[in-house]
Amino acid sequence: MKLSEGVEAAIHCAATLVSVEGEGTIPGAALAEQFGLSPSYLLKHLNALTAAGILESVPGPYGGYRLARPADRISLLDIVLAVEGPEPAFRCGEIRQNGPVKLDASAYAKPCGINAAMLRAEKAYRAALAAERLSDIVHNFKTEADPRSVAAGCAFVERHQRPQKSPKQK
């Protein structure tokens, strides 16, 4: 199964935002720069994550993005569906009915076996993605990745995190 590059970008951005403290945010432009992506390209995916309730978009001079719910309540399936949409990857076009030999519709009363098999595989794939939590991915990264990569990720968040100021603090 091939997923769009947007899925990878969305997962990386969400994983990065796990480290944002409190009500802080990180600007979309900084996230785009971090992953070498066009800001306009990434914005489309950040908007999809926001519409799905995975991220929160905060306007204003201290604005940016942050997680809308705890990382342990965000699955990879949530992110994939936000970016790719809910449609199954395989869509049966019933091409078995298109050949030169035209049979009565009653010959196709049973569902297409190929479609049924592909939908079972899709169901298993989605269950596996639903079991993968963003919190676990980030925890595994911090404990198993090269320390230089972990340090670079932490430094990025420290450098770009914007604290949220209340109107009284302005």
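Residues numbered from 1 in each chain as written. Predicted model: local features only at pLDDT ≥ 70, side-chain atom pairs only at ≥ 80, totals over all residues. Heavy atoms only, no water.

Now for the overall build of the protein. Helices and strands together make up the secondary structure of the protein, namely seven helices and two strands. Along the protein, helices (α) and strands (β) appear in the sequence α-α-α-β-β-α-α-α-α when read from the amino end. In terms of C-alpha radius of gyration, the protein reaches 21 Å, well past the compact-globule figure of 15 Å for 170 residues. Seen through its C-alpha atoms, the protein measures out along the principal axes to roughly 75 × 35 × 25 Å. A burial count over the protein gives 29% of its 170 residues as buried. (Helix = DSSP H or I, 4+ residues; strand = E, 2+ residues; numbered from the N terminus. Rg over C-alpha atoms; globule rule 2.2 N^0.38 Å. Buried < 20%, exposed > 50% of the residue type's maximum accessible area, 1.4 Å probe, protein only.)

Within the fold, H45 resides in helix α3 (residues 39–51). A relative accessible area of 7% places H45 in the buried class. Setting aside chain neighbours within four positions, we find H45 in contact with G6 and V83. (Contact = heavy atoms within 4.5 Å.)

This model, assessed by the stated rule, comprises six salt bridges. In this structure, E23 and R66 form a salt bridge, with 3.3 Å as the shortest nitrogen-oxygen distance. Of this pair, E23 sits in the loop between α1 (5–17) and α2 (28–34) while R66 sits in strand β2 (residues 64–67), and the two are 43 residues apart along the sequence. Given a relative accessible area of 9%, R66 falls into the buried group. (Salt bridge = Lys/Arg side-chain N within 4 Å of Asp/Glu carboxyl O.)

Put simply, helix α4 (residues 76–84) and helix α5 (residues 113–131) touch, their axes get as near as 6 Å, and they point 120° apart. Relative to α5, the element α4 lies oblique. Here L76, L77, V80 and L81 of α4 lie close against α5, whose contacting residues are R126, L129 and A130. Class assignment for the residues of the contact of α4 with α5 results in six nonpolar, no polar and one charged. (Axes fitted to C-alpha atoms, helices over the stretch in contact; angles between N-to-C directions. Parallel < 35°, antiparallel > 145°, perpendicular 65-115°, else oblique. Nonpolar A, V, L, I, M, F, W, Y, C, P; charged D, E, K, R; others polar.)

With that settled, consider α4. In an α-helix there are 3.6 residues to a turn, and that puts residues three or four apart on one side. All of the buried residues in α4 are L76, L77, I79, V80, A82 and V83. Next to the buried residues of α4 lie α1, α3, α5 and α6 (134–144). At the N-terminal boundary of α4, the capping side chain belongs to S75, with an oxygen 3.3 Å from the backbone nitrogen of L77. Looking one or two residues past α4, G85 carries a phi angle of roughly 90°, positive in sign. (Polar contact = N/O pair within 3.5 Å; in protein donor to acceptor, adjacent residues only side chain to side chain.)

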